[in-house]
Amino acid sequence: MSFFRKPTIDPAQNWSTFILGFVYAAIIAASFYFAYEVRFDFLVPENFQLERLRVLPMVVGLKLVALVASLQLGSMVAYFSIPDLLKLVWAMSGASLVMYLPWLIGAGHFTLPRGMLLTDLMLCLGGLCAARLGTRLYRERISPHRKGPSQPQQRIVIVGAGDAGASLAREFISAPARGFLPVLFLDDNPAKHGKLIHGVRVHGRPESITDAKDLGELAKVVIAMPSAPTRRVREIVHLFTELGLKVETLPSIEELASGRVKASRIRPVEVQDLLGRDAVNLDSATILKNIEGRVVMVTGAGGSIGSELCRQIAALNPKRLLMLEQAEGALFNTEQEINELGLGAISVALVGDIL
């Protein structure tokens, strides 16, 4: 029996990498060629024309090596973001620095026009970024519509022009299949009024929605302020409910920070969102000391408070968690939740009456 398996080669993946390399090479070559034209005002002297053609293959090879080293030749073209942009900048800047080295070491026979090198860097970066962005725009905006008639998008207003609101708008704009179209932002911060976020205007405070024009028929209002005071959330919910609009909200800041849910997972406003209770800071170290390695029983484990206690206690590594509940169905739900957390081995479900 052999412990070594011959690596499998995916022809489709190799072909796509070859196509991507060819496109990159074409952009690099075109940028280098036109950099000479720009440098000499489209009247390139004959000796520089010969130099351009002589150096062109080496420049293309150098920059392709830089792209491979920065892991850009094997990346998915349609997913272009800030990290990819930074890698492109570093790769092309490094290649341009290598091309500038003859000037630094005084090798006059191998020097290229310095103005051309800077122009080549700008043109090459612009061309590569344009190709990546164009592919991403095609995937997000054009390709979904070519697959067939799309469902009409629901027009929504987002309350909160911070990170959560911007993330929500980006999710919906980049994925039209979700069926939501942000048409307006509302925010309490006057410094944001009149600005654009992903092309969507920040109109003003939530109370100013009656002054907004050309909104069309709104499907709902989404409150994207996970850390806002509950009193303010209550005021906003009351405001839009009075206007006859459906109000939904994002998950809590704890859920977003833990990564359990995404910002695009909106839900109806619940009672606990409006209670206005102050947060209680728990002494986690003392709680852990009293629970870790011990047998803990939770009575009423099927209720809302009891089930939450079970989830939190199970995460503190008790020796055994005894879950006591007289309602068998509710206890079953709690037991399933504990099992999904991978903590079922330490839990015991007990059906019974505490009396």
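Refer to the structure above for everything that follows.
What counts as what
Residues numbered from 1 in each chain as written. Predicted model: local features only at pLDDT ≥ 70, side-chain atom pairs only at ≥ 80, totals over all residues. Heavy atoms only, no water. Pairing = 2+ DSSP bridges. Helix = DSSP H or I, 4+ residues; strand = E, 2+ residues; numbered from the N terminus. Right-handed = clockwise from strand over helix to strand, strands pointing away.

Chemist: What is the right way to read the pairing of strand S9 (residues 320-325) from this model?
Modeler: Residues in a regular strand project their side chains so that they alternate between the two faces of the sheet. One ladder, built from 5 bridges, connects strand S8 (residues 295-299) with S9; its direction is parallel. Residue pairing across strands places Val298 opposite Met323, the latter belonging to S9. In the classification by handedness, the crossover that spans S8, the intervening helix H9 (residues 304-314) and the parallel S9 is right-handed. Bridging between S9 and strand S10 (residues 347-351) involves 5 bridges; their strand directions are parallel. In the sheet register, Met323 faces S10, and the bridge partner there is Ala349. A crossover connection joins S9 to the parallel S10 through helix H10 (residues 328-340); in handedness this β-α-β unit is right-handed.

Chemist: How should the pairing of strand S4 (residues 200-204) be read in this particular structure?
Modeler: As paired strands, strand S2 (residues 180-186) and S4 are joined by 2 bridges and run parallel to one another. Of the residues in S4, the one forming a bridge with Leu186 is Gly204. The pairing of strand S3 (residues 196-197) with S4 spans 2 bridges and is classified as antiparallel. By the bridge assignment for S4, Leu196 is matched with Arg201. Turn length for the S3-S4 hairpin, with the two strands adjacent in sequence and antiparallel, is 2 residues, and the turn residue His198 shows positive phi of about 55°.

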